Amino acid sequence: MPKTTISVIKADIGSFPGHSRTHPKILEKAAKILKEEEGKLLIDSFVTHCGDDLELIMTHTRGEDNPEIHGLAWKVFTEGAAMAKEMKLYGAGQDILSDAFSGNVKGMGPGVAEMEFEERASDPVLVFMADKTEPGAWNYFLYRIFADPMTNPGLVIDPNMHEGFIFEVHDVVDKRKIRFRTPEESYSLLAYIGAPSRYVVKGVWRKDGLVAASTSTQRLNMLAGRYVGKDDPVMVVRAQSGLPSVGEVIDPFATPVIVAGWMRGSHHGPLMPVGLCDANCTRFDGPPRVICLGFQVSNGKLIGPADMFDDVAFDRVRSKVNEIADIMRAHGPFEPHRLSLEEMEYTTLPGVEKQLKDRWQPLD
Ligand code: F6R
Ligand code: MG
Ligand code: MG
């Protein structure tokens, strides 16, 4: 049996009204293009959206960074963007930063999380997709899932997890990477990933090499050199049989964690786990949202999905998120609702500074 690859590739190619949701006609078109490739390039596919991001979930046997798979995603995004332009959707073509596709969508606007693995006897896979936040938003959750025994008792109880995990961290500013072993290097890991705007967990492996999680780390605003929206991230996590259980993976999302993004990609706000029917951004273009689809992967087929946050068990965190959203909003344009100066420098502030540059006088 060849290895299975799951590729989750996403882009915001236009939405309605404003930045709130993807248009159903585009979802339909995307699903149709991918369906046509099933049995050819792909084994299986599923198309959805989180807010204004079109999410392509694809399985195949061609490995990560495959030019044909990336080319297929690019075709979906460019054809979808053309439809978005025709309907005059908002931000039509936003995440398509170049016309010249060269075999890999990385660095061209879309976000990518891919994972190649040998299927176990039974392989549960969870796909997380968020809108109005950034790739580092996964850091907190990945730490809790794979390194915190208060969240994941499997680290203590299951001999297959007892040795711990390896985290690969990318520095998205200086473009370098490092691996940390947990539990022994947990504090060093936290020293970095506690700053999620710069240090992003790219992947997690069990110490025997078994791949457990993969995230997207593209930072769109940096790629484009100007503010073009946050880089709303995706993540793939495998579960069970010597990995965290499905329940251990999703439990940390019952905590209302504050992330960067929201309005104009320039505000902190609480991340709300929602079912697909609520994956539309509204209040102040948010609040930031996350959905999770659960599948069993069977010879590359995606058995599912199960809409994991469509559950009363997550009602309480949603209600806490709404309360925190009120508190954050009450701050208006003040920090810590607004991002720190350093973060704003990558996004919207340079324009204002340029305008007022000559009005500043030196202090005596
Ligand atoms: C956040 C986002 C929106 C826009 C906001 C202003 O990622 O996409 O919050 O930043 O709606 O959009 P413009 O400047 O296009 O009117
Ligand atoms: Mg948008
Ligand atoms: Mg988005």
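One can find the structure itself at the top, above this paragraph.
Residues numbered from 1 in each chain as written. Chains lettered and ligands numbered in written order. Predicted model: local features only at pLDDT ≥ 70, side-chain atom pairs only at ≥ 80, totals over all residues. Heavy atoms only, no water.

J.: I tried to follow the nonpolar core on my own but got confused; where do I start?
T.: The nonpolar side chains of a soluble globular protein tend to be buried with one another. One finds Ile6, Phe128 and Phe146 to be the most contacted residues of the largest nonpolar core, which totals 64 residues. Considering every element that reaches this core, the biggest residue donor is helix H3 (residues 138-147), with seven residues. If near-sequence neighbours (up to four positions away) are discounted, Phe128 is found in contact with Trp138, Pro233, Val234, Met235, Val237, Val249, Ile250, Phe253, Val290, Ile291, Cys292 and Phe309. Within the second largest apolar cluster, 27 residues are counted, among which are Val47, Leu54, Ile69 and Phe77. (Core = buried A, V, L, I, M, F, W, Y, C linked by side-chain atoms within 4.5 Å. Buried < 20%, exposed > 50% of the residue type's maximum accessible area, 1.4 Å probe, protein only. Helix = DSSP H or I, 4+ residues; strand = E, 2+ residues; numbered from the N terminus. Contact = heavy atoms within 4.5 Å.)

J.: For this particular structure, what's the right way to read the packing of aromatic side chains?
T.: The relation between two aromatic rings is expressed through the spacing of the ring centres and the mutual angle of the planes. Here the structure, examined in full by the defined rule, presents 13 aromatic pairs. Aromatic side chains Phe128 and Phe309 sit 6.3 Å apart centroid to centroid with 50 degrees between the ring planes, which places their arrangement in the tilted category. With Phe128 in strand E5 (residues 123-131) and Phe309 in the loop between strand E15 (301-307) and helix H8 (315-330), this residue pair connects regions lying 181 residues apart in the sequence. Residue classification places Phe309 among the buried positions, given a relative accessible area of 0%. Seen in terms of ring centroids, Phe253 and Phe309 are 5.5 Å apart; in terms of plane orientation they differ by 50 degrees. Their pairing is tilted. With a gap of 56 residues between them, Phe253 in the loop between helix H7 (246-250) and strand E11 (258-261) and Phe309 in the loop between E15 and H8 connect regions that are remote in the sequence. Of the two residues, Phe253 and Phe309, neither departs from the other in class, the shared state being buried. Each residue in the set Phe128, Trp138, Tyr140, Phe141, Phe253, Phe309 and Phe314 is aromatic and connected to the rest through ring pairs, giving one cluster. A cation over a ring is seen here: Arg179 above Trp205, with NZ or CZ 4.2 Å from the ring centre. Lying over the aromatic face of Phe284, Arg329 brings its terminal NZ or CZ to 3.5 Å of the ring centre. (Phe/Tyr/Trp six-rings, centres within 6.5 Å; stacked < 30°, edge-to-face > 60°. Lys NZ or Arg CZ within 6 Å of the ring centre and 35° of its normal.)

J.: Is there a simple way to think about the pattern of salt bridges in this case?
T.: Pairing of side chains with opposite charge becomes possible as their charged atoms draw close. With the rule as written, the count across this model stands at 21 salt bridges. Glu168 is the partner of Arg179 in a salt bridge, and the nearest nitrogen-oxygen pair spans 2.9 Å. In this pair, Arg179 is assigned in strand E7 (residues 176-181) and Glu168 in strand E6 (residues 165-171), connecting sequence segments 11 residues apart. A salt bridge links Arg198 to Asp171; its shortest N-O distance comes to 3.0 Å. In this pair, Arg198 sits in the loop between helix H5 (186-193) and strand E8 (199-206) while Asp171 sits in strand E6, placing the two residues 27 residues apart along the sequence. When salt bridges that share partners are traced, they join Asp171, Asp174, Arg176 and Arg198 into one network. (Salt bridge = Lys/Arg side-chain N within 4 Å of Asp/Glu carboxyl O.)

J.: Whenever I open this one, the environment of Ala121 confuses me. Can you help?
T.: The topology assignment puts Ala121 in the loop between strand E4 (111-117) and E5. For Ala121, a relative accessible area of 92% gives the class exposed. C-alpha of Ala121 to C-alpha of Val297: the two residues are 176 residues apart in sequence and 9.9 Å apart in space.

J.: How should the packing of helix H1 (residues 24-37) against helix H2 (residues 67-86) be read in this particular structure?
T.: A pair of packed helices can be characterised by two numbers: the angle between their axes and the separation between those axes. For the pair H1 and H2, the least separation of the axes is 10 Å and the interaxial angle reads 150 degrees. Put simply, H1 runs roughly antiparallel to H2. Crossing handedness for the pair H1 and H2: right-handed. Residues Lys25, Ile26, Lys29, Ala30, Ile33, Leu34 and Glu37 of H1 pack against Leu72, Lys75, Val76, Glu79, Gly80, Met83 and Ala84 of H2. Partitioned by chemical class, the residues of the contact of H1 with H2 number eight nonpolar, one polar and five charged. (Axes fitted to C-alpha atoms, helices over the stretch in contact; angles between N-to-C directions. Parallel < 35°, antiparallel > 145°, perpendicular 65-115°, else oblique. Left-handed = near helix turned anticlockwise from the far one by under 90°. Nonpolar A, V, L, I, M, F, W, Y, C, P; charged D, E, K, R; others polar.)

J.: Hey, could you run me through the sheet that holds strand E2 (residues 44-50) in this one?
T.: Strand pairing in a sheet relies on backbone hydrogen bonds. The paired strands run either parallel or antiparallel. Strand order in this open sheet of four strands is E2-E3-E1-E4, and the pairing throughout is antiparallel. Every other strand in the sheet has two partners, leaving E2 and E4 as the edge strands with one partner each. Within this sheet the neighbouring strands show an average axis-to-axis angle of 10 degrees, counted without direction. Each of E2 and strand E3 (53-60) touches H1; the most contacted strand, E2, lies at about 165 degrees to it. Against the sheet, H2 touches strand E1 (4-11), E3 and E4, its axis set at about 150 degrees to E3. (Pairing = 2+ DSSP bridges.)

J.: How should the environment of Gly304 be read in this particular structure?
T.: Within the secondary structure, Gly304 is located in strand E15. Sequence separation of Gly304 and Asn104 is 200 residues, and the distance between their C-alpha atoms is 28 Å. Not counting residues within four places of it along the chain, the set of residues in contact with Gly304 comprises Gly294 and Phe295.

J.: Would you explain the coordination of the magnesium ion (ligand 3) in this entry?
T.: When a metal carries six donors in an octahedron, the ideal angles between them are 90 or 180 degrees, while four donors in a tetrahedron ideally lie at 109.5 degrees. At 2.0 to 2.2 Å from the magnesium ion (ligand 3) lie its protein donor atoms, namely Asp52 (OD), Asp53 (OD), Asp131 (OD) and Asp232 (OD). Look at where the donors of the magnesium ion (ligand 3) fall in the sequence and you get D-D-x77-D-x100-D. Here the magnesium ion (ligand 2) and the magnesium ion (ligand 3) are spaced 4.8 Å from one another, each receiving a donor from Asp52. Of the two residues, Asp53 is situated in strand E3 and Asp232 in the loop between helix H6 (220-224) and strand E10 (234-238); the sequence distance between them amounts to 179 residues. Accessibility classification places Asp53 together with Asp232 in one group, the buried group. (Donors = N, O, S within 2.8 Å, 3.2 Å for Na, K, Ca; no water.)

J.: How should a nonpolar patch on the surface be read in this particular structure?
T.: A grouping of Val352, Leu356 and Trp360 is seen on the molecular surface, where their side chains present a nonpolar patch of about 330 Å² in accessible area. By secondary structure assignment, the location of Val352 is in helix H10 (residues 349-356). (Patch = residues over 30% accessible without salt bridge, like charges linked within 9 Å, V, L, I, M, F, W, Y side chains within 5 Å. Areas by Shrake-Rupley, 256 points an atom, 1.4 Å probe, with all protein chains shown as cover.)

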